[in-house]
Amino acid sequence: DEAPPEDGGAGEQLLKEPQLPLPLIAENPGTLLMTLQSPEQMVVLSSAKALYQFAKDGGDGDEPNVITLLRGALGDGGGLPVLIKLLTREAWCGADVEVQAVCLMILARCAGEAVADGRLILRMRNGEKCIADRNGEEKCRLKTVELGGLKPMVELLKSEELDVAGKAAFSCACHALDSPVRLAIKTLGGIPSLLDLMAKEDDVVVDNTALALSTLLQHVEAKDQLYNLQGMKVLIEKGIASDNVAVQENTARALAYAIEQEGNLKDFRRLDGVNKLIEMLAALPDTDRTPNDKVRQSASFALAISAFDSECRTEIRMKEGLRALSNCLASEDPRVQEEALMALANCAFDIPCKQTIGALGGMKNGIGLLSNPELSVVANACVALSRLVFDFMSGVDFIEEDGVPQLFEVLNTYVKNYEAYLDYKEKVAAGETPEGEAIELPDLRLGRAILENCKACAEQGNVREEMRKKDGFFPQMFKVIKHEDEIVSGMACQALANAAYDVEGRPMLLELDAIPEFVKCLTYKDVDTQLSAARAIGNFAMDSYGRTKVREAKAMTPLVKQLQAKDENGKDAIEPRRAAILAIGKCASDRESAVELCDIGALSDLLSLMDTHWKQLGQAAEDAVERLLQKSQPAKLWLRGEVDFEDVTTDLFFDMGVGRKYTSLKKLQEEEVNTNREVLLADMGRDEGLEKLYTALKDDCSHLKIQGYTEEKSLYGNTTSGAKVLDSREEEATEIKKECVRRIASKISDNMGGAIPYDRYQDFGYSVEVQRCKLLRRSNVIWIGDLKKGACRHRAFVFKYLCDKLLPYLCRLERAKIERGAHVGHAWNVVKFYGDNDQDGQQRSYTLDLMHSVGAMYSNGTNFEKVDEWVQKYQRKDYYVFNSLQ
């Protein structure tokens, strides 16, 4: 009747004592996944260790391929959910710290432990390719995140078992290579847990924690949370002050990303962070530290980030940080040189720092590192030198240290590599199979750094001259402006634009046919590139030959489009617009360019910019408009209703009338014939009627000896040969010119319907004749020589044109400013004769009658002479503006 014993019974003893030997060899990681789901802790632990060993060693020297296989088996074969579950309390064998530790390492390995050792961050920043995608790491990381693997990892950061917490930190570091993952870990509470781990005494745990923070703190929200938790104090006191070099290295990197946030930066300065980083370099004579290259690298990186702040730059300089960084350039580790150069480059934003770096031999050291075999070192050397060459004297130092030939060698090597890449690419596109290994595109960051150095050097006249003397320097730079990468091409544009400042440099660039490339650069997103391209085109337009080349390169239209330039964020780019305005002003120095610019919309755009609230644009636009109007008389007549004495008209002079937008002559001629106001055109090259009229007037005026000479009395009373009648101020010459004006007026009147009484002007119908001329040319643009009957506007227009041919600088064409009433579009001429002055020496001018008393000249008056009553009457001003023509 006694109950069987609960423990130690014979039946149960028989079941427990036998232990089955399982000396199995698993050829596929998927096999181990089944045993991982066992309820027995020892089986699960052994399987997990075996799987980790498989992930760690690979086997037979084929580790990358085996790891790729493992990632595929875990991700596609359902293994990741198994590993994630083993991290939780719901694990088949229960929550076990040993199993959790191994599973965390497996997940870390699959996520990319090989590239998550902290130096990945620097490699990516320096432009080196990451092979994570190729080996399946990114896919495995994202799959882990998708399955909710981050939550148990973050929870294990709080594990009482430090080994598990440290491995959880390491696994978080391996997964936090993407911004969304960093944000997720931060949201799950990873930052506070990691800061707690930083206070532990276990160096391995603290090292893994610092590594995790160095990846997480690249996210802006993580930086903010660190500040709220006063995390800078923990990083400096527990990490930077650690005796473990690995902890120092990763903490310095975490600190570097943290101080990109303003609050953390202030805490960094307050906690004497700059001084502590300088001590980590162990590069000053009085240091008692043992130099460590990895620590130097991360400390230099942190100093480089801090140097973006002016107060930190000053502190670095005052505490001999520049000397320590300069001494680090002598390191045999290229990564130390690379980061030290970047720190020096960022410090060189300040003039005192530039001078101190130069005094410490920074220029010489930087030039020497241009020949370094490590391309990342060369790139940072170029960046540093670009900031050290900032004035004439620093340019002298650069020249004396043979910086120009060294820089040319770097540029030349890069160009040759790029040409080899283009050649290889062309052969592949043609279906050929090139021999040897595939040629990849040369490092873009290196190209940008080289061109940035070239740009800085070309900004200094003395260095630019040496660059120009160096055979092939600018031609090699020009090859890079055609680079397929827009940023590299833009940097080349900025460098070459400086060469266009020199009289000697422009012909060289024109010989290379550089203008089309600068035009292309106007369309780039980078504001500095747009600015440089516009300035370069403006410099080419400083002489007539250059302006011709600018027109031939069809640069005018892109230049006008640049008046609406935007930056890469879609906002108005002020400086590129201003540079385009100045370039347009220079292009407008000849008539052909000015006319083309007006035709393609430059005048309209500039007028709108004149009213902008940006003063620097408004003033520049106003100056450019003045230049355009000086050379384009049709535009001036359209805008201001007048063509002044000094504005000498030429062929293709036209008058659009009032009340319409400025339009090019070509578009006006293409419009269908309608009843709108006619456009008047004076073009003696094609208009036979106008040429015939001019020839007759020229013969008529020749009888007046208008091209002859006057006799003038010298100061001593004797008679001498005087100036030409046109240039003479003598009374005789003035009368000759007045008579010539009368004959021109009479001839024009006779040719356009003769004189008509003032009170019969409204009966002077000419619209039928205008319509006839339109139909004759099948255009709304009428040739003024075709017109046999014309009113004041037509006669004043042709008088200005013919007078400029026969009596240049003596006639002005004016148009009424009114926009409604009986006399809209009414026009007249004002003439003057040099030497025809009143008793006070003021120049007289006359309103010329071409309609009624043809040839009559009504005095416009002076301070001592009254205005003729017919002036207002003929000009339809004041009382006569809205008065009936009767």
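Structural data are supplied above this passage.
So, here's what we can say about the structure. All values reported here derive from a predicted model rather than from experimental measurement. (Residues numbered from 1 in each chain as written. Predicted model: local features only at pLDDT ≥ 70, side-chain atom pairs only at ≥ 80, totals over all residues. Heavy atoms only, no water.)

**Considerations on the overall build of the protein chain**
Step number 1: The helix and strand tally for the protein chain stands at 47 helices and 10 strands.
Step number 2: Within the protein chain, the proportion of its 886 residues that are buried is 53%.
Step number 3: Here the analysis covers contacts within the protein chain between residues at least 6 apart in sequence; of these, 66% occur between residues at least 24 apart.
Step number 4: Here the protein chain has roughly 41,100 Å² of accessible surface; of this, 48% comes from carbon and sulfur atoms. (Helix = DSSP H or I, 4+ residues; strand = E, 2+ residues; numbered from the N terminus. Buried < 20%, exposed > 50% of the residue type's maximum accessible area, 1.4 Å probe, protein only. Contact = heavy atoms within 4.5 Å. Areas by Shrake-Rupley, 256 points an atom, 1.4 Å probe, with all protein chains shown as cover.)

**Describing the sheet that holds strand E3 (residues 679-682)**
Step number 1: If you trace the 3 strands from one edge of the open sheet to the other, you get E2-E3-E6, paired in mixed fashion. On the outer flanks of this sheet lie strand E2 (653-655) and strand E6 (781-783), each paired with one strand and no other. Strand-to-strand twist of the sheet, defined as the mean angle between neighbouring strand axes without regard to direction, takes the value 25°.
Step number 2: Across 3 bridges, E2 lies against E3 in antiparallel orientation. Looking at E3, one finds that Phe 654 is bridged to Leu 681. (Pairing = 2+ DSSP bridges. Axes fitted to C-alpha atoms, helices over the stretch in contact; angles between N-to-C directions.)

**Considerations on the packing of helix H12 (residues 190-198) against helix H13 (residues 203-216)**
For any two helices packed against each other, the geometry comes down to the angle between their axes and how far apart the axes lie.
Step number 1: Put simply, H12 and H13 touch, their axes get as near as 9 Å, and they point 145° apart. Crossing geometry of H12 relative to H13 is assigned as left-handed. Seen from H12, the contacting residues are Ile 191, Leu 194, Leu 195, Leu 197 and Met 198; seen from H13, they are Val 205, Val 206, Thr 209, Ala 210, Ala 212, Leu 213 and Leu 216.
Step number 2: The class makeup of the residues in the contact of H12 with H13 is 11 nonpolar, 1 polar and no charged. (Left-handed = near helix turned anticlockwise from the far one by under 90°. Nonpolar A, V, L, I, M, F, W, Y, C, P; charged D, E, K, R; others polar.)

**Digging into the sheet that holds strand E8 (residues 827-837)**
Step number 1: Taken together, the 5 strands give an open sheet; going across it, the order is E1-E7-E8-E9-E10, and neighbouring strands pair in antiparallel fashion. The strands lining the two open edges of the sheet, one partner per strand, are strand E1 (642-643) and strand E10 (857-859).
Step number 2: Two strands pair when backbone bridges link them, and strand E9 (residues 843-848) and E10 are joined in this way by 3 bridges, in the antiparallel orientation. Looking at the pairing, Thr 847 lines up with Tyr 858 of E10.
Step number 3: Helix-sheet contacts for helix H46 (residues 792-806) involve E1, strand E7 (811-815), E8 and E9, and the interaxial angle to E8 is about 40°.

**A closer look at the nonpolar core**
Step number 1: Grouped together as the largest cluster of nonpolar side chains are 209 residues, with contacts concentrated most on Met 232, Phe 268, Leu 277, Phe 398, Ile 450, Met 467 and Phe 518.
Step number 2: In terms of residues, this core owes the most to one element, helix H6 (residues 97-112), which gives 11 residues.
Step number 3: Residues in contact with Phe 398, not counting those within four places in the same chain, are Met 363, Ile 367, Leu 385, Val 389, Gly 403, Val 404, Leu 407, Cys 457 and Val 463.
Step number 4: Among the nonpolar cores identified, the runner-up in size contains 59 residues, and Met 684, Leu 787, Phe 799 and Val 830 belong to it. (Core = buried A, V, L, I, M, F, W, Y, C linked by side-chain atoms within 4.5 Å.)

**With respect to the packing of helix H26 (residues 392-400) against helix H29 (residues 461-469)**
Step number 1: Contact geometry of H26 with H29 gives a least axis separation of 8 Å together with a crossing angle of 35°. When H26 is examined against H29, the residues Phe 392, Gly 395, Val 396, Phe 398 and Ile 399 are found in contact with a partner set consisting of Asn 462, Val 463 and Glu 466.
Step number 2: Residue composition of the contact of H26 with H29, by class: 5 nonpolar, 2 polar and 1 charged.

**Looking at unusual backbone geometry**
Step number 1: Unusually for a residue other than glycine, Glu 320 sits at a positive phi of about 60°.
Step number 2: With respect to the helices and strands, Glu 320 occurs in the loop between helix H20 (310-318) and helix H21 (321-328).
Step number 3: The class of Glu 320 is partly exposed, set by a relative accessible area of 41%.
Step number 4: The backbone phi angle of Asp 402 is positive, close to 60°, even though this residue is not glycine.
Step number 5: Here Asp 402 is to be found in the loop between H26 and helix H27 (403-429).

**Considerations on the pattern of salt bridges**
Step number 1: Within this structure, the stated rule accounts for 46 salt bridges.
Step number 2: Glu 374 serves as the salt-bridge partner of Arg 335, at 3.9 Å between the closest nitrogen and oxygen. Of this pair, Arg 335 sits in helix H22 (residues 334-347) while Glu 374 sits in the loop between helix H24 (362-368) and helix H25 (375-388), and the two are 39 residues apart along the sequence.
Step number 3: For Glu 374, a relative accessible area of 31% puts it in the partly exposed group.
Step number 4: In this structure, Arg 577 engages Asp 572 in a salt bridge whose closest nitrogen and oxygen atoms are separated by 2.8 Å.
Step number 5: Given a relative accessible area of 31%, Asp 572 falls into the partly exposed group. (Salt bridge = Lys/Arg side-chain N within 4 Å of Asp/Glu carboxyl O.)

**Some remarks on H12**
Step number 1: Most of H12 sits inside the fold, with 7 of its 9 residues counted as buried.
Step number 2: Within the sequence span of H12, burial applies to Gly 190, Ile 191, Ser 193, Leu 194, Leu 195, Leu 197 and Met 198.

**Here's the deal with helix H23 (residues 351-359)**
Step number 1: Those residues of H23 that sit buried are Cys 353, Lys 354 and Ile 357. Along the long axis of H23, the arc covered by the buried residues comes to 105°, so they all point the same way. Residues Gln 355 and Ala 359 are exposed on H23 and point more than 90 degrees away from its buried face.
Step number 2: Buried residues along H23 sit in contact with H20, H21, H22, H24 and H25. (Arc of directions from axis to C-beta.)

**A closer look at the packing of aromatic side chains**
Any aromatic ring pair is given by two values, namely how distant the centres are and how the planes are angled relative to each other.
Step number 1: For the structure shown, the criterion picks out 12 aromatic pairs.
Step number 2: Each ring, one from Tyr 758 and one from Trp 870, has its centre 5.3 Å from the other, and the planes form 90°; the classification is edge-to-face. Taken as a pair, Tyr 758 in the loop between helix H44 (731-751) and helix H45 (767-777) and Trp 870 in helix H47 (residues 869-875) lie far apart in primary sequence, 112 residues in all.
Step number 3: With a relative accessible area of 24%, Trp 870 lands in the partly exposed category.
Step number 4: In this structure, Arg 777 is placed above the aromatic ring of Trp 783, and the distance from its NZ or CZ to the ring centre is 3.7 Å. (Phe/Tyr/Trp six-rings, centres within 6.5 Å; stacked < 30°, edge-to-face > 60°. Lys NZ or Arg CZ within 6 Å of the ring centre and 35° of its normal.)

**Some thoughts on the side chain of Thr 663**
Step number 1: In this structure, Thr 663 sits in the loop between E2 and helix H42 (665-670).
Step number 2: At a separation of 3.0 Å, a polar atom in the side chain of Thr 663 contacts the main-chain carbonyl oxygen of Lys 661.
Step number 3: Those residues in contact with Thr 663 that lie beyond four places of it in its chain are Phe 654, Met 656 and Leu 668. (Polar contact = N/O pair within 3.5 Å; in protein donor to acceptor, adjacent residues only side chain to side chain.)

**Topic: the side chain of Ser 242**
Step number 1: Mapped onto the secondary structure, Ser 242 falls in the loop between helix H15 (231-240) and helix H16 (245-258).
Step number 2: Residue contacts for Ser 242: discarding those within four places in its chain leaves Asp 203, Val 247 and Gln 248.

**Concerning the pairing of E7**
Step number 1: Burial analysis of E7 places 5 of its 5 residues in the buried class, the great majority of the element.
Step number 2: Side chains of E7 alternate between two faces, with Cys 811, Leu 813 and Arg 815 and Arg 812 and Glu 814 buried alike.
Step number 3: When E1 meets E7, the two strands line up antiparallel, connected through 2 bridges. In the strand pairing of E7, Glu 642 is matched with Glu 814.

**Focus: a negative patch on the surface**
Step number 1: A cluster of acidic residues, Glu 201, Asp 202, Asp 203 and Asp 243, forms a negative patch at the surface.
Step number 2: Relative to the elements of secondary structure, Asp 243 occurs in the loop between H15 and H16.
Step number 3: The class for Asp 243 is exposed, based on a relative accessible area of 77%. (Patch = residues over 30% accessible without salt bridge, like charges linked within 9 Å, V, L, I, M, F, W, Y side chains within 5 Å. Lys, Arg positive; Asp, Glu negative; His and termini not counted. Charge placed at Lys NZ, Arg CZ, Asp CG, Glu CD.)

**Some words on the pairing of E8**
Step number 1: Burial analysis of E8 places 8 of its 11 residues in the buried class, which makes it a mostly covered element.
Step number 2: Where E8 and E9 come together, 5 bridges link them in antiparallel fashion. If you follow Val 830 over to E9, its bridge partner there is Thr 847.
Step number 3: Turn length for the E8-E9 hairpin, with the two strands adjacent in sequence and antiparallel, is 5 residues, and the turn residue Gly 841 shows positive phi of about 85°.

Any link to function would need more than the numbers given here.
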